[in-house]
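# A structural walkthrough
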Amino acid sequence: MESTTTQAGYEGDYVQRFQFYLQHSGEHTVMREFMGKVLPAEFARIGEGKSDLNFLGVGSGQGEMESHMLNILQSKFPTTPISAHIVEPSIALIENFKASVTKAPNLQKVPFTWHPVSCADYEKQVKGMGDAQTFDFMDMIQMLYYMDDYVAVIRFFHSLLREKGRLMIIHEAAGSGWGTLWSVFAKDLCTKSVTKYISGGDIKGELDKMGLKYEQHSIPNTMDITECFVEGSKLGAMLLDFMTDQDSFEKAYSPETRAKILDLLRNKCCTEKNGRLLFDCSLTCFLIHA
């Protein structure tokens, strides 16, 4: 899960827990593989006949995925001017993103405009200017959980798409282990940065209500959480802290609640393979047309 209108969702210890999760789950790896298969042709359609291309990252965090997508876009249009705008409320994460750009020769050719504000504040700025910047491609990766009104966020940013543009949303899939865990234990889990859980299924329903045209893609992924069931395992404890959005899973819940969560994880959210418990952390991608 990336950055937010509620900055607390991606600050302090959460950053470390999130980076640990990425390493353990391989989430960015499966995203890169998906992007490599789908985006080259998508970018070719978006950019055909255009004299310049505008890219927008929304809730980009440290920008790992945005950097990858910009490299793909550059490879399709090596002589077309490309500009990048980044909306990210965390100053610390923007600084990390900037530092990574300085180490990437290709990205140094791209002019970046940094917007260290929430989505709501960015919308106010845009509406205050009157003549809004428009974009050929924009992404929202694992960040809609934190929006007070995610439907309004989608509607506003969609309005900024240029002709043939696309808005890409990547989110936890309906029916994944995340959806099961956070739906069943919503009262216990939705107490901090995430106050109401939404799945890819919820987003699909709202896109249909808005009458937007889109393609939907599945990004399968699993994560080994066997250590969550090993008493005293530091790795297991770190996973449970992240999965429940708590500083300490052990301290946050009573023994009875912890036992119920672990039982659900084992029996409803995982498949067993070679004695290992694999948590379904699949994703859904929506490519929404202008």
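Further up the page is the structure itself.
Quick look at the structure, then. (Residues numbered from 1 in each chain as written. Predicted model: local features only at pLDDT ≥ 70, side-chain atom pairs only at ≥ 80, totals over all residues. Heavy atoms only, no water.)

Below, the discussion takes up the packing of aromatic side chains. Tallied over the full model, the rule gives 16 aromatic pairs. Pairing Tyr145 with Tyr146 gives two aromatic rings, centres 6.2 Å apart and planes at 75 degrees, and the pair type is edge-to-face. For Tyr146, a relative accessible area of 2% gives the class buried. Positioned above the aromatic ring of Phe229 is the side chain of Arg266, whose terminal nitrogen or guanidinium carbon lies 4.5 Å from the ring centre. (Phe/Tyr/Trp six-rings, centres within 6.5 Å; stacked < 30°, edge-to-face > 60°. Buried < 20%, exposed > 50% of the residue type's maximum accessible area, 1.4 Å probe, protein only. Lys NZ or Arg CZ within 6 Å of the ring centre and 35° of its normal.)

Turning to the environment of Phe97, a few remarks are in order. Within the secondary structure, Phe97 is located in helix 4 (residues 91-102). Considered as a pair, Phe97 and Asp224 are 127 residues apart in the sequence and their alpha carbons are 29 Å apart. The contact partners of Phe97, leaving out residues within four places of it in the chain, are Ser60, Gly61, Gln62, Gly63, Glu66, Ser67, Ile86, Phe112 and Trp114. (Helix = DSSP H or I, 4+ residues; strand = E, 2+ residues; numbered from the N terminus. Contact = heavy atoms within 4.5 Å.)

This next bit is on the packing of helix 7 (residues 177-184) against helix 12 (residues 255-268). The angle between the axes and the distance between the axes are what describe a pair of packed helices. Closest axis-to-axis distance for the helix 7/helix 12 pair is 10 Å, and the angle between their directions is 150 degrees. Comparing the axis directions of helix 7 and helix 12 gives the class roughly antiparallel. Classified by chirality, the crossing of helix 12 by helix 7 is right-handed. For the pair helix 7 and helix 12, contact is made by Thr180, Leu181 and Val184 and by Ile261, Leu264, Leu265 and Lys268, respectively. (Axes fitted to C-alpha atoms, helices over the stretch in contact; angles between N-to-C directions. Parallel < 35°, antiparallel > 145°, perpendicular 65-115°, else oblique. Left-handed = near helix turned anticlockwise from the far one by under 90°.)

Right, let's get into the nonpolar core. In terms of nonpolar packing, the biggest core is built from 61 residues, with Leu144, Phe157, Leu181 and Phe279 touching the most fellow members. By residue number, the principal contributor to this core is helix 6 (residues 150-158), which donates 6 residues. Not counting the four nearest positions on each side in its chain, Phe157 is found in contact with Leu56, Val58, Cys119, Tyr122, Met138 and Met140. Counting residues in hydrophobic clusters, the runner-up holds 33 residues, among them Val30, Ile46, Met65 and Val110. (Core = buried A, V, L, I, M, F, W, Y, C linked by side-chain atoms within 4.5 Å.)

Moving on: the side chain of Glu42. Secondary-structure assignment places Glu42 in helix 2 (residues 27-47). A distance of 2.7 Å separates the side chain of Glu42 from the side chain of Arg45, its partner in a polar contact. Within the local environment of Glu42, its side chain forms a polar contact with the side chain of Arg166, the two groups lying 2.9 Å apart. Once residues within four sequence positions are removed from consideration, Glu42 is found in contact with Arg166 and Leu287. (Polar contact = N/O pair within 3.5 Å; in protein donor to acceptor, adjacent residues only side chain to side chain.)

Quick look at the pairing of strand 2 (residues 82-87) now. Among the 6 residues that make up strand 2, 6 are buried, leaving the element largely enclosed by the rest of the structure. The two faces of strand 2 match: Ile82, Ala84 and Ile86 on one face and Ser83, His85 and Val87 on the other face are all buried. Pairing between strand 1 (residues 53-58) and strand 2: 6 bridges, direction parallel. For Leu53, the partnering residue across the bridge sits in strand 2 and is Ile82. Read as a crossover between parallel neighbours, the route from strand 1 over helix 3 (residues 64-76) to strand 2 is right-handed. In terms of handedness, the path from strand 2 via helix 4 over to strand 3 (residues 112-115) forms a crossover that is right-handed. (Pairing = 2+ DSSP bridges. Right-handed = clockwise from strand over helix to strand, strands pointing away.)

Turning next to helix 6. Most of helix 6 is tucked away: 7 of the 9 residues are buried. Listed as buried for helix 6 are Tyr150, Val151, Val153, Ile154, Phe156, Phe157 and His158. Along its buried surface, helix 6 packs onto strand 1, helix 5 (119-129), strand 4 (135-141), strand 5 (161-172), helix 9 (200-210) and strand 10 (283-289).

Next up on the list: the environment of Gly175. The residue Gly175 is located in the loop between strand 5 and helix 7 in this model. Look past the residues within four positions of Gly175 in its chain and what remains in contact with it is Thr180 and Asp280.

Let's shift gears to the pattern of salt bridges. Where side chains of opposite charge bring their charged atoms close, a pairing between them can arise. This structure, assessed with the given rule, holds 13 salt bridges. Between Arg166 and Glu42 there is a salt bridge; the shortest N-O distance is 2.9 Å. Placement of Arg166 in strand 5 and of Glu42 in helix 2 is noted, with a sequence separation of 124 residues between them. The salt bridge involving Glu95 is made with Lys98; its shortest N-O contact spans 3.6 Å. Within this pair, Glu95 and its partner Lys98 are both found in helix 4, separated by 3 residues, close to a single helical turn. For Glu95, a relative accessible area of 42% puts it in the partly exposed group. The network of salt bridges with shared partners includes Lys50, Asp52, Asp136 and Arg162. (Salt bridge = Lys/Arg side-chain N within 4 Å of Asp/Glu carboxyl O.)

This next bit is on the layout of surface pockets. Each pocket or cavity is described by its volume, and for the largest pocket that value is around 310 Å³. Listing elements by their share of the lining of the largest pocket, those giving two or more residues are helix 10 (234-243), helix 11 (249-252) and helix 12. A breakdown of the residues in the lining of the largest pocket according to their chemical character gives 9 nonpolar, 4 polar and 5 charged. Each pocket or cavity is described by its volume, and for the second largest pocket that value is around 200 Å³. Along the walls of the second largest pocket sit 12 residues, with Tyr145, Met147, Asp148, Tyr150 and Lys196 positioned nearest its centre. In terms of residue class, the lining of the second largest pocket is built from 6 nonpolar, 3 polar and 3 charged. (1 Å grid on protein atoms, 1.4 Å probe; cavity = no way out; pocket = protein on both sides within 12 Å on 5 of 7 lines; lining within 4 Å. Points joined across faces, edges and corners; volume = space filled by probe spheres on them. Nonpolar A, V, L, I, M, F, W, Y, C, P; charged D, E, K, R; others polar.)

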